[in-house]
Amino acid sequence: MNPLIEPKEITLHTESGEKRIYILSKLDCIEGREFIFQYPISALPKLGNYALNKELMLMLMKHVAVPTENGPLRLSTEGLVRNHAREPHLLIELEKQMIGYNFRFLLQETIWPFLKNFQNQITASIIKTLTDLSAQFSPKAAPPSKNSEPFTA
């Protein structure tokens, strides 16, 4: 595995207040491009692809390490991620920290508004498309009734 690029140590806290130390790394340019072009869309509620988003998160975590006596241990497997980021909020915070460290332009507290705005744009586009198709395929006027007798109960 390639060495960590520009490693940066951070400290996060568990819900019980226990300190956890992690080492963040920059992504290489190819993985960074792959991540940034897929992650935001895969994370969108109702439009995204959770399996792809999870795969991208695991790719991101391969660039996170924890300090050990034998040197940094990369979170290179799902098992290592589960062992070292046991609480969901820790994993989400690690993702946020990695995105901020690698893509500052994206996460200056703007990723969620960015994703929400993107979702709104996609939703508006889908609604417009469906409305246009509905108008195109809907009959213009109701056909005349073939029943000349009034309905009586």
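Rules behind the numbers
Residues numbered from 1 in each chain as written. Predicted model: local features only at pLDDT ≥ 70, side-chain atom pairs only at ≥ 80, totals over all residues. Heavy atoms only, no water. Helix = DSSP H or I, 4+ residues; strand = E, 2+ residues; numbered from the N terminus. Buried < 20%, exposed > 50% of the residue type's maximum accessible area, 1.4 Å probe, protein only. Contact = heavy atoms within 4.5 Å. Areas by Shrake-Rupley, 256 points an atom, 1.4 Å probe, with all protein chains shown as cover. Axes fitted to C-alpha atoms, helices over the stretch in contact; angles between N-to-C directions. Left-handed = near helix turned anticlockwise from the far one by under 90°. Nonpolar A, V, L, I, M, F, W, Y, C, P; charged D, E, K, R; others polar. Pairing = 2+ DSSP bridges. Salt bridge = Lys/Arg side-chain N within 4 Å of Asp/Glu carboxyl O. Parallel < 35°, antiparallel > 145°, perpendicular 65-115°, else oblique.

J.: Got a minute to help me understand the overall build of the protein chain in this structure?
T.: Scanning the protein chain from N- to C-terminus turns up six helices and four strands. Helices and strands in the protein chain line up, N terminus first, as β-β-α-α-β-β-α-α-α-α. The burial tally for the protein chain puts 33% of its 153 residues in the buried class. The contacts of the protein chain with a sequence gap of at least 6 include a subset with a gap of at least 24, amounting to 56%. As displayed, the protein chain offers around 10600 Å² of accessible surface, 58% of which is attributable to carbon and sulfur atoms.

J.: Please explain the packing of helix α1 (residues 29-42) against helix α2 (residues 50-61) as it appears in this structure.
T.: For any two helices packed against each other, one specifies the crossing angle of their axes together with the interaxial distance. Relative orientation of the contacting elements α1 and α2 amounts to 145°, with a least axis distance of 9 Å. Where α1 crosses over α2, the handedness of that crossing is left-handed. Of α2, the residues touching α1 (which contributes Glu31, Glu34, Phe35, Gln38, Tyr39 and Ser42) are Tyr50, Leu52, Asn53, Leu56, Met59 and Leu60. Of the residues belonging to the contact of α1 with α2, the class tally is seven nonpolar, three polar and two charged.

J.: Just checking my understanding: could you explain the sheet that holds strand β3 (residues 64-66) for this structure?
T.: Pairing between sheet strands relies on hydrogen bonds along the backbone, with the strands arranged either parallel or antiparallel. The strand order β1-β2-β3-β4 describes an open sheet built from four strands, whose pairing is antiparallel. A single partner strand is all that each edge strand has here, and the edge strands are β1 (5-13) and β4 (73-74). The pairing of β1 with strand β2 (residues 19-26) spans seven bridges and is antiparallel. Counterpart to Ile10 in the pairing with β2 is Tyr22. Each of β1, β2 and β3 is contacted by helix α4 (residues 88-102), which is oriented at about 35° to β2, the strand it contacts most.

J.: How should I be thinking about the pattern of salt bridges in this particular structure?
T.: Side-chain pairs of opposite charge can arise whenever the charged atoms involved come near each other. Scanning all chains against the criterion turns up three salt bridges. For Lys54, the salt bridge is made with Glu78, and the minimal N-O distance between the two is 3.4 Å. Note that Lys54 is positioned in helix α2 and Glu78 in helix α3 (residues 78-84), a separation of 24 residues in sequence. One salt-bridge network, held together by shared partners, links Lys54, Glu78 and Arg82.

J.: Looking at this model, I keep getting lost on the packing of α2 against α4. Mind explaining?
T.: Running from amino to carboxyl end, α2 crosses α4 at an angle of 70°, the nearest separation of the two axes being 10 Å. Judged by the angle between their axes, α2 and α4 are roughly perpendicular. Residues Met57, Leu60 and Met61 of α2 form the contact with α4, whose participating residues are Leu91, Leu94, Glu95, Met98 and Ile99. For the contact of α2 with α4, a count of residues per class yields seven nonpolar, no polar and one charged.

J.: Mind showing me how you'd approach the pairing of β2 here?
T.: Put simply, side chains in a regular strand alternate between the two faces of the sheet. Along β2, six of the eight residues are buried, which leaves the element largely enclosed by surrounding structure. The loop that links β1 with its antiparallel partner β2 comprises five residues; one of these, Gly17, has a positive phi angle of about 95°. Relative to β3, β2 is paired through two bridges, and the arrangement is antiparallel. If you follow Ile23 over to β3, its bridge partner there is Ala65.

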